Amino acid sequence: MTERRLIFVNRVYQPSGEATAQLLTDLAEGLAARGWPVHVLTAGSGATAQHGVTIHRTGTPGQHSGMVSRALAYRRFLGAVRRQLATLVRPGDIVVALTDPPMLGTDVAEALAGRGVHVVQWIQDIYPEIAAIHFGPLAGFLLGGLRRRRDRAWAGSSVCITLGRDMAEAVTAMGVPAARVHVQPNWAPRELDEPAPAGAVAEIRRRWNADDRFVVAYSGNLGRVHEFATVLGAAARLQADTRIAFRFVGHGPQWKKVAAAVHDRSLANVTLQPPVPRAELGAMLAAADAHLVTLQPAYGRLVYPSKLAGVLAAGRPALFVGPPDGDIARLLHAQDCGAAFAPGADGVLADTLLRWSRDPAAVLRLGASARRAYTTGFTVTAALAGWDTLLRDLPGPM
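Described in the following lines is the structure provided in the data block.

Definitions and cut-offs
Residues numbered from 1 in each chain as written. Predicted model: local features only at pLDDT ≥ 70, side-chain atom pairs only at ≥ 80, totals over all residues. Heavy atoms only, no water. Axes fitted to C-alpha atoms, helices over the stretch in contact; angles between N-to-C directions. Helix = DSSP H or I, 4+ residues; strand = E, 2+ residues; numbered from the N terminus. Left-handed = near helix turned anticlockwise from the far one by under 90°. Contact = heavy atoms within 4.5 Å. Nonpolar A, V, L, I, M, F, W, Y, C, P; charged D, E, K, R; others polar. Buried < 20%, exposed > 50% of the residue type's maximum accessible area, 1.4 Å probe, protein only. Lys, Arg positive; Asp, Glu negative; His and termini not counted. Salt bridge = Lys/Arg side-chain N within 4 Å of Asp/Glu carboxyl O. Polar contact = N/O pair within 3.5 Å; in protein donor to acceptor, adjacent residues only side chain to side chain. 1 Å grid on protein atoms, 1.4 Å probe; cavity = no way out; pocket = protein on both sides within 12 Å on 5 of 7 lines; lining within 4 Å. Points joined across faces, edges and corners; volume = space filled by probe spheres on them.

**Overview of the packing of helix H1 (residues 19–33) against helix H16 (residues 380–392)**
Turning to step 1, where the next piece is worked out: One way to put it is that H1 packs onto H16 with a least axis distance of 10 Å and a crossing angle of 65°. By crossing handedness, the relation of H1 to H16 is classed as right-handed. Listed contacts from H16 to Asp26, Leu27, Gly30 and Leu31 of H1 are Val380, Leu384, Trp387, Asp388 and Leu391.
Turning to step 2, where the next piece is worked out: In the contact of H1 with H16, the residues fall into six nonpolar, one polar and two charged.

Structure follows, in structure tokens:
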């Protein structure tokens, strides 16, 4: 009997620092270590094998800038994926498609229809609904055809994996049988399993000039789906209190907008800096006293901010600005490891930060709860076990 192979498809993979590249690298190498024959089909050049994973490159660029060049790059990548899948895939394989670019899973499912393989949709975000919200009702109407294609592809796939319960409910509402929708949260990098060295944390706080300050950080992508008005409003309210500092560490589409708002409002208590290398991530996360996670309510069922896993791993409480009845708000309440705020509640957020800055014992208690939440549900080890079980439970050659 031919050995079943596991083939992942995504635009980015290591050495890219993008979030899905790091997640996919962790998962592919971890499953290879568990005995799976693992292949990755991704953009770029230079096919190779690394840590048990065979990497196939499409020859198309993995990076892009600007809306038009991005659309063209996505189109070239999707075409190259179809061509390579035609020769790479054989009956009995399990093909896992991520959502970068957004319609990748749809193209993969259509290309492999009737080939006798399992298609697994690993859904990081839900398009084209996100684009329809961002660009308005006319875009939603024009994207209707893509939505119907996507619905058929997901409904015909063996499994759809979402990051949270809200996303799972949205996918089920699109016609995917509930029995084929599974929730598997993303995880924090394996390096965060162990607490960051105290010396490295102290050095970062020294660089931040934060020895005696309460630092609240936002780390990661400043994406279009995230909410920053409430955070900046709280910072404005707290300008007179020099003990509290805000720090954005990352990049993304809203970086310039946030930087402009900080400048225009003369927010001296807000600092922006580029992202740190993955090797420094644990120390940077631990250098803050609390972390912000944000999400605009309109995207609440379409996106799950995976940065939460790193916050929990660092043992720091989370301040969530977003849907008050969503996945993250429920988790923070159930695990007693942070607080949730409706967008616009900048006064409540500011009051909470003032209270936390004056009560280090309470912050330590919330941080300890955060770390417990991480060890019970957001580690690489837990994710690998969940993925391994799910994939091995799929029936044999179709």
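**Brief notes about the side chain of Arg4**
Turning to step 1, where the next piece is worked out: Structurally, the position occupied by Arg4 is in the segment before strand S1 (6–9).
Turning to step 2, where the next piece is worked out: One buried charged side chain, Arg4, makes no salt bridge at all; its nearest oppositely charged neighbour is Asp93, positioned 7.4 Å away.
Turning to step 3, where the next piece is worked out: Of the polar contacts made by the side chain of Arg4, one reaches the backbone oxygen of Pro395; its length is 2.8 Å.
Turning to step 4, where the next piece is worked out: When sequence neighbours within four positions are dropped, the list of residues in contact with Arg4 reads Pro37, Gly92, Ile94, His118, Leu391, Leu394, Pro395 and Gly396.

**Focus on the layout of surface pockets**
Turning to step 1, where the next piece is worked out: Here the second largest pocket is characterised by a volume of approximately 320 Å³.
Turning to step 2, where the next piece is worked out: Mapped by element, the contributors of at least two residues to the lining of the second largest pocket are helix H8 (198–207), helix H11 (281–287), helix H14 (346–357) and helix H15 (360–377).
Turning to step 3, where the next piece is worked out: No other element matches H15, which puts six residues into the lining of the second largest pocket.
Turning to step 4, where the next piece is worked out: Across the lining of the second largest pocket, the residue classes break down as 11 nonpolar, three polar and seven charged.

**Topic: the environment of Gln121**
Turning to step 1, where the next piece is worked out: Note on placement: Gln121 falls in strand S6 (residues 118–122).
Turning to step 2, where the next piece is worked out: With 273 residues separating them in the primary sequence, Gln121 and Leu394 have C-alpha atoms 14 Å apart.
Turning to step 3, where the next piece is worked out: Of note is the side chain of Gln121, whose polar atom sits 3.5 Å from the side chain of Trp154.

**Considering the pattern of salt bridges**
Turning to step 1, where the next piece is worked out: The full count for this structure, using the stated rule, is 23 salt bridges.
Turning to step 2, where the next piece is worked out: Between Arg149 and Glu110 there is a salt bridge, with the nearest N and O atoms lying 2.8 Å from each other. Taken together, the positions of Arg149 in helix H6 (residues 144–155) and Glu110 in helix H3 (residues 104–111) put the pair 39 residues apart, joining distant regions of the chain.
Turning to step 3, where the next piece is worked out: We classify Arg149 as partly exposed; its relative accessible area is 24%.
Turning to step 4, where the next piece is worked out: Under the relative-accessibility criterion, Glu110 is labelled partly exposed at 34%.
Turning to step 5, where the next piece is worked out: A salt bridge links Arg243 to Asp241, with the shortest nitrogen-to-oxygen separation between them at 2.8 Å.
Turning to step 6, where the next piece is worked out: One connected set of salt bridges, linked through shared partners, spans Arg82, Asp107, Glu110 and Arg149.

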